[in-house]
Amino acid sequence: MSNAVSIRPGRPALPEWVRRLPEYLMIWVPLLLSAAHLVSFSLWTVWISFTPSTLVPVSGWVGLRNYSAVAASRNWQIAFDNLLLFGSAFVLLSLVTGLALAILLDQRIRGENVLRSIFLYPLAVSFVVTGTVWSWLLNPGLGIQKLVHDLGWASFKFDWLIDRDMAIWTIVIAAIWQSSGFAMALFLAGLRSVDADIIKAAQIDGAGPVRIYRRIILPSLWPITITVVVIQLQFAISTFDLVRALTNGGPGIATQLPALVVYDLMFQRSLLGRGAAAAVLMLLILLAVLLPYAAWRYVQRRRAAHA
Amino acid sequence: MRERSFVASRILIYLVVLLIAAAWLAPLAVVVLNSLRSNEEIAQGSMIGWPQHWAWSNYLTAWSGFCVAETCAGIRPYMLNSALVTIPATIFSTLLGAIAGYAVSLWRFRGDTWIYGIVTLGLFLPQQMRLLPWTIVLRDIGLINTLAGLVLIHTIQGLSFTTLFCRNYYVAIPHELIRAARIDGAGFFRIFWRIILPLSPPILVVTVIWQFTHIWNEFLYGVTFTSGQQQPVTAALIALSAAVADIPQHGVQSAAVIIAALPTLLIYLLGGKYFVRGLTAGAVK
């Protein structure tokens, strides 16, 4: 690396570092701001979670007291159970829906572009809008149930939105509608990248489409499947807007999720220390998903490098 | 025989796909139709129905008439807020991301992989980990409850995405190009302006669409760091639905929902291809 300093006649040569100052500023200032705020803000929140802060952050040390208070609260327990249910149901169902849509669209059907756009458009809309719209559709007095009643089927019941045990499923429904298009897009890209020669060879050997899918195409989708699972889980863990607009955690606290608990503790009850502890717990849940994924990616890369 | 079963399976495939497509479009159709029905009409029937009288006035009320709290200016000021946050934050984060992506991929400097690694952490860390510190910092620098504060946050946060997108795109540019330009005496910025930027439109379109949709749709920061007249449209929609909880105004609310979703829907329709590219670029790292 040699940087020739061209000295033009009639102009005094500036010291190297002054000449390159704008360049350093443009590289380092944004990158450092971004990196530093991520690290320092996260550590800051971790620190607050160990302090007795309520209305304002104060110094002090209460050990794990905030954590045990959060973990013992009914709000958090329900939020955590809901997250397990919502997370697994949402990830599984959006995988199945996304894969089914991708396989259907892969059948060389007419109007594929239009259909793909239809399945993807909810992703472009904010969760606030999505949640609001679904809260209307699922509202027993206004939405689907009312429509079916008006059509004459008076005993039809679809009141999950106000049913404590079922309300969490309304969030699953809306979340699948919102984001299974994303799984579809990734799977479709995967299906299209399967080697056409291998498929042709299998066809010549007399394998039918079902067999080709089961034996050749689907197994090649594993890496994409794992990526989709991790991203959807990450989304599930931080779900906030959708629930806020759809049920606002209700009825009662039946659809509480960790992200809502954090917000509630920090900004509605002004229990900053506990709110920070809940945020750190969220991070730990996320790490439980991401660390195995990172390890898996690392092994894959090592294997690819050796191959 | 084989022919017949082929035709049957084709029909089945189309039937299933069209059915799902209809289900996927239904919520949008319901909102569009409701935005054209009067409140009384919806109250008498259900949310799902064909307008008997086209109530175009809903849009006017939603845009500039309805009341949230004590102000009755409709959704217009909040749309303006969202635009004033989204447009600059998109431009800043994209430009800075392009420079940062170029620096970490082609220019290389000491510690670049470390810095880049930490920056991309921003894709994973939950927003909740940064809510309190941002509140404190914004208050200390006097930007709490201002649009400028939101622009600042979205610009810095957005760097994680934009740097990643641009970096992944720039690593594919042949290094010889940069080396040759350096030998000719071109510096960091000249190479950026003359070589990198002209090659960048494809990735810049992806980044701009991604950032615009993201920032426009964002809610948590908007509702945490701003209040009242300073809120973006996502926060205003929630405030509106709380405000009309007693006297439902579903027609007007539907119109407001449509207006609020329009910018990102338009961007999606115009740049759908790039939208998908952004999705996959964000997913497959």
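Keep in mind that this is a model prediction, so the values were computed, not measured.

Engineer: I'm lost on the overall build of chain A in this one. Help?
Structural biologist: Looking only at helices and strands, chain A has 14 helices and zero strands in total. When the elements of chain A are put in sequence order from the N terminus, they spell out α-α-α-α-α-α-α-α-α-α-α-α-α-α. Radius of gyration (C-alpha) of chain A: 26 Å, far over the 19 Å computed for a compact globule of 307 residues. In terms of overall dimensions, chain A has a C-alpha envelope of 90 × 65 × 40 Å along the principal axes. Looking at chain A residue by residue over its 307 residues, the buried ones come to 50%. In chain A, once contacts between residues fewer than 6 apart in sequence are set aside, the share between residues at least 24 apart is 67%. Working note: accessible area of chain A is about 15,200 Å², and carbon and sulfur atoms make up 65% of it. In chain A, the 24 positive side-chain charges and the 14 negative ones have mean positions that sit 7 Å from each other.

Engineer: Sorry, what's going on with the side chain of T135 of chain B here?
Structural biologist: Here T135 of chain B is to be found in helix α6 (residues 131–140). Classification of T135 of chain B by relative accessible area gives buried; the value is 13%. Engagement of the side chain of T135 of chain B in a polar contact is seen with the backbone oxygen of L131 of chain B, the distance being 2.6 Å. Ignoring anything within four residues of it in the chain, the contact list for T135 of chain B reads F267 of chain A together with I144 and F225 of chain B.

Engineer: What is the right way to read the nonpolar core from this model?
Structural biologist: When a protein is soluble and globular, its nonpolar side chains tend to lie buried together. Counting residues in hydrophobic clusters, the biggest one holds 184 residues, and the most contacted among them are F86 and F119 of chain A together with I75, Y102, I191 and I196 of chain B. When residues no more than four places from it in sequence are discounted, the contact partners of I75 of chain B are A62, W63, F66, V233, L237, A256, I259 and A260 of chain B.

Engineer: Would you mind going over the pattern of salt bridges with me for this structure?
Structural biologist: Side chains carrying opposite charge are able to pair once their charged atoms draw close together. Residue and element names in this part refer to chain A. Applying the stated criterion across every chain, the model contains ten salt bridges over all chains. In this structure, D106 engages R192 in a salt bridge whose closest nitrogen and oxygen atoms are separated by 2.8 Å. With a gap of 86 residues between them, D106 in the loop between α4 (74–105) and α5 (112–120) and R192 in helix α8 (residues 167–192) connect regions that are remote in the sequence. Where K146 meets D150, a salt bridge forms, and the shortest distance between an N and an O atom there is 3.3 Å. Taken as a pair, K146 and D150 lie in helix α7 (residues 144–150) at a separation of four residues, close to a single helical turn. Several salt bridges converge on common partners, so that one network encompasses E16, R19, R20 and E23.

Engineer: What's the story with a nonpolar patch on the surface in this structure? I'm lost.
Structural biologist: All names here are of chain A. Taken together, the side chains of L14, W17, V18, L21, Y24, L25, V29 and L33 define a hydrophobic patch exposed on the protein surface, amounting to about 730 Å² of accessible area. Elements that contribute at least two residues to the nonpolar patch include exactly α1 (16–19) and α2 (21–48). A total of five residues in the nonpolar patch trace back to one element, the largest contributor, which is α2. Tracing the backbone through its elements, the reader meets L33 in helix α2.

Engineer: What's the story with the interface of chain B and chain A in this structure? I'm lost.
Structural biologist: Accessible area lost on assembly of the parts is the figure often given for the size of an interface. The interface of chain B with chain A comprises 78 residues on the first partner and 83 residues on the second. For the chain B and chain A pair, buried surface summed over both sides reaches about 7,300 Å², with 79% attributable to carbon and sulfur atoms. Linking chain B to chain A there are zero salt bridges. Connecting chain B to chain A are 17 residue pairs in polar contact (both at pLDDT 80 or more).

Engineer: What's the story with the packing of aromatic side chains in this structure? I'm lost.
Structural biologist: When we look at a pair of aromatic rings, we describe it by the centre distance and by the angle of the planes. Residues and elements named next belong to chain B. One pass over the full model with this rule turns up 31 aromatic pairs over all chains. Ring plane angle 80° and centroid distance 5.2 Å describe the contact between Y268 and F275, whose orientation is recorded as edge-to-face. When sorted by exposure, Y268 lands in the same class as F275, which is buried. For the cation-ring pair, R182 lies above W107, with the distance from its terminal atom to the ring centre recorded as 3.9 Å.

Engineer: What exactly am I supposed to notice about the environment of S117 of chain A here?
Structural biologist: With respect to the helices and strands, the residue S117 of chain A is situated in helix α5. Its relative accessible area of 32% is what places S117 of chain A among the partly exposed residues.

Engineer: Got a minute to help me understand the environment of S59 of chain A in this structure?
Structural biologist: Residues and elements named next belong to chain A. The residue S59 is located in the loop between α2 and α3 (65–72) in this model. Its relative accessible area of 60% is what places S59 among the exposed residues. Distance in space between the C-alpha atoms of S59 and I48 is 7.9 Å, their sequence separation being eleven residues. In contact with S59, other than residues within four places in its own chain, are W47, T51 and P52.

Engineer: When you look at the packing of helix α6 (residues 127–138) of chain A against α8 of chain A in this model, what are you seeing that I'm missing?
Structural biologist: The axes of two packed helices give the description: the angle between them and the distance between them. Residues and elements named next belong to chain A. For the pair α6 and α8, the least separation of the axes is 10 Å and the interaxial angle reads 130°. In terms of their interaxial angle, α6 and α8 are classed as oblique. Handedness of the α6/α8 crossing: right-handed. When α6 is examined against α8, the residues F127, T130, W134 and L138 are found in contact with a partner set consisting of T170, I173, A174, W177 and Q178. The residue inventory of the contact of α6 with α8, partitioned by class, reads six nonpolar, three polar and no charged.

Engineer: What should I look at first to understand the packing of α2 of chain A against helix α5 (residues 112–121) of chain B in this one?
Structural biologist: At a minimum axis separation of 8 Å, α2 of chain A and α5 of chain B run at an interaxial angle of 55°. Taken together, α2 of chain A and α5 of chain B sit at an angle that is classed as oblique. Where α2 of chain A crosses over α5 of chain B, the two elements pack in a sense that is left-handed. Between α2 of chain A and α5 of chain B, the residues in contact are W28, L31, L32, S34, A35, L38 and V39 of chain A and I115, I118, V119 and L121 of chain B, respectively. Of the residues belonging to the contact of α2 of chain A with α5 of chain B, the class tally is ten nonpolar, one polar and no charged.

Engineer: What's the story with helix α7 (residues 147–170) of chain B in this structure? I'm lost.
Structural biologist: Three or four residues apart is the spacing at which side chains of an α-helix point the same way, because the helix has 3.6 residues per turn. All names here are of chain B. Taking 1.5 Å of rise per residue, 24 residues should cover 34 Å, and α7 covers 32 Å from first to last C-alpha, within 8% of that figure. Its axis deflected by about 40° at L159, α7 carries its strongest bend there. Counting buried residues in α7 gives 19 out of 24 residues, a clear majority hidden from the surface.

Cut-off values and rules
Residues numbered from 1 in each chain as written. Chains lettered and ligands numbered in written order. Predicted model: local features only at pLDDT ≥ 70, side-chain atom pairs only at ≥ 80, totals over all residues. Heavy atoms only, no water. Helix = DSSP H or I, 4+ residues; strand = E, 2+ residues; numbered from the N terminus. Rg over C-alpha atoms; globule rule 2.2 N^0.38 Å. Buried < 20%, exposed > 50% of the residue type's maximum accessible area, 1.4 Å probe, protein only. Contact = heavy atoms within 4.5 Å. Areas by Shrake-Rupley, 256 points an atom, 1.4 Å probe, with all protein chains shown as cover. Lys, Arg positive; Asp, Glu negative; His and termini not counted. Charge placed at Lys NZ, Arg CZ, Asp CG, Glu CD. Polar contact = N/O pair within 3.5 Å; in protein donor to acceptor, adjacent residues only side chain to side chain. Core = buried A, V, L, I, M, F, W, Y, C linked by side-chain atoms within 4.5 Å. Salt bridge = Lys/Arg side-chain N within 4 Å of Asp/Glu carboxyl O. Patch = residues over 30% accessible without salt bridge, like charges linked within 9 Å, V, L, I, M, F, W, Y side chains within 5 Å. Buried area = accessible area lost by both parts, 1.4 Å probe. Phe/Tyr/Trp six-rings, centres within 6.5 Å; stacked < 30°, edge-to-face > 60°. Lys NZ or Arg CZ within 6 Å of the ring centre and 35° of its normal. Axes fitted to C-alpha atoms, helices over the stretch in contact; angles between N-to-C directions. Parallel < 35°, antiparallel > 145°, perpendicular 65-115°, else oblique. Left-handed = near helix turned anticlockwise from the far one by under 90°. Nonpolar A, V, L, I, M, F, W, Y, C, P; charged D, E, K, R; others polar. Expected span 1.5 Å × (residues − 1). Bend = angle between axes of the 7 residues up to and from the residue.

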